[in-house]
Amino acid sequence: MSYNDNRESGGVVISNDVIASIAANAVKDVDGFGSFSSRTADLLTQTHFSEAPHAVKVWSLDNDIKVQLFINIKSGFNIQSVCTAVQQSVKNAVQSMTGKVVSKVNVCVQGVDYCEPNELKN
């Protein structure tokens, strides 16, 4: 699915994959973000052999965009603070680049990325 913006001079179509890419790039700049995680396969994807689960899922309908992210948090960071920063970063980036309203950003923390002992020395 994609977002269609029909104007008198023509139409604008924004693919959900493009919106997912914008969201993914916005998350990478958040302090405390560790890595993306594939969402766990649910019963529907297992029974219908659909595409592999992705770390960023986008639903768009009319002017409404909803984003769901599956991430790992870096060790030592407050989960609530990182998730709030991720939500704000994604919402601001998608809204400013598409001009459309982001009504919901769900952040699913799948795990914690622990740093290697040699990384602590730096």
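A brief report on the enclosed structure follows.

### Things to note about the environment of Ala93
With respect to the helices and strands, Ala93 occurs in helix H3 (residues 79-98). Overall, the relative accessible area of 19% leaves Ala93 in the buried class. Expressed as a C-alpha distance, the spacing of Ala93 and Ile22, which sit 71 residues apart in the sequence, is 6.8 Å. Every residue in contact with Ala93, bar those within four places of it in the chain, is listed here: Ile22 and Ala26.

### Some remarks on the packing of helix H1 (residues 16-27) against H3
Following both chains from N to C, one finds H1 and H3 inclined at 135°, their axes separated by 8 Å at the closest point. Considering their axes alone, H1 and H3 lie oblique with respect to each other. In the crossing of H1 with H3, the sense of the turn from one axis to the other is right-handed. Along the contact surface, H1 presents Ile19, Ile22, Ala23, Ala26 and Val27, while H3 presents Val86, Ser89, Val90, Ala93, Val94, Met97 and Thr98.

### A short note on the nonpolar core
Core analysis: the largest hydrophobic core is formed by 26 residues, its most contacted members being Val56, Val67, Leu69, Ile71, Val86, Val90 and Val94. Among the elements of the structure, H1, strand E4 (56-61), strand E5 (64-74), H3 and strand E6 (101-113) are those that each provide at least two residues to this core. For this core, the element with the highest residue contribution is H1, accounting for 7 residues. Aside from chain neighbours lying at most four places away, what touches Val90 is Ala23, Ala26, Val27, Val67, Leu69 and Val105.

### Some words on H3
Given a rise of 1.5 Å per residue, 20 residues ought to cover 28 Å, and the 28 Å separating the end C-alpha atoms of H3 matches this to within 8%. Considered for burial, the residues of H3 that qualify are Val82, Cys83, Val86, Val90, Ala93, Val94 and Thr98. Each buried residue of H3 sits inside an arc of 105° when the element is viewed along its axis, so together they form one side. Pointing more than 90 degrees away from the buried face of H3 are the exposed residues Gln80 and Ser96. Where H3 is buried, its residues touch strand E2 (10-15), H1, strand E3 (33-36), E5 and E6. One side-chain oxygen at the N-terminal end of H3 lies 2.9 Å from the backbone nitrogen of Gln80; it belongs to Asn78. Remark: Gly99 follows H3 within two positions and exhibits a positive phi of approximately 75°.

The rules we used
- Residues numbered from 1 in each chain as written.
- Predicted model: local features only at pLDDT ≥ 70, side-chain atom pairs only at ≥ 80, totals over all residues.
- Heavy atoms only, no water.
- Helix = DSSP H or I, 4+ residues; strand = E, 2+ residues; numbered from the N terminus.
- Buried < 20%, exposed > 50% of the residue type's maximum accessible area, 1.4 Å probe, protein only.
- Contact = heavy atoms within 4.5 Å.
- Axes fitted to C-alpha atoms, helices over the stretch in contact; angles between N-to-C directions.
- Parallel < 35°, antiparallel > 145°, perpendicular 65-115°, else oblique.
- Left-handed = near helix turned anticlockwise from the far one by under 90°.
- Core = buried A, V, L, I, M, F, W, Y, C linked by side-chain atoms within 4.5 Å.
- Expected span 1.5 Å × (residues − 1).
- Arc of directions from axis to C-beta.
- Polar contact = N/O pair within 3.5 Å; in protein donor to acceptor, adjacent residues only side chain to side chain.

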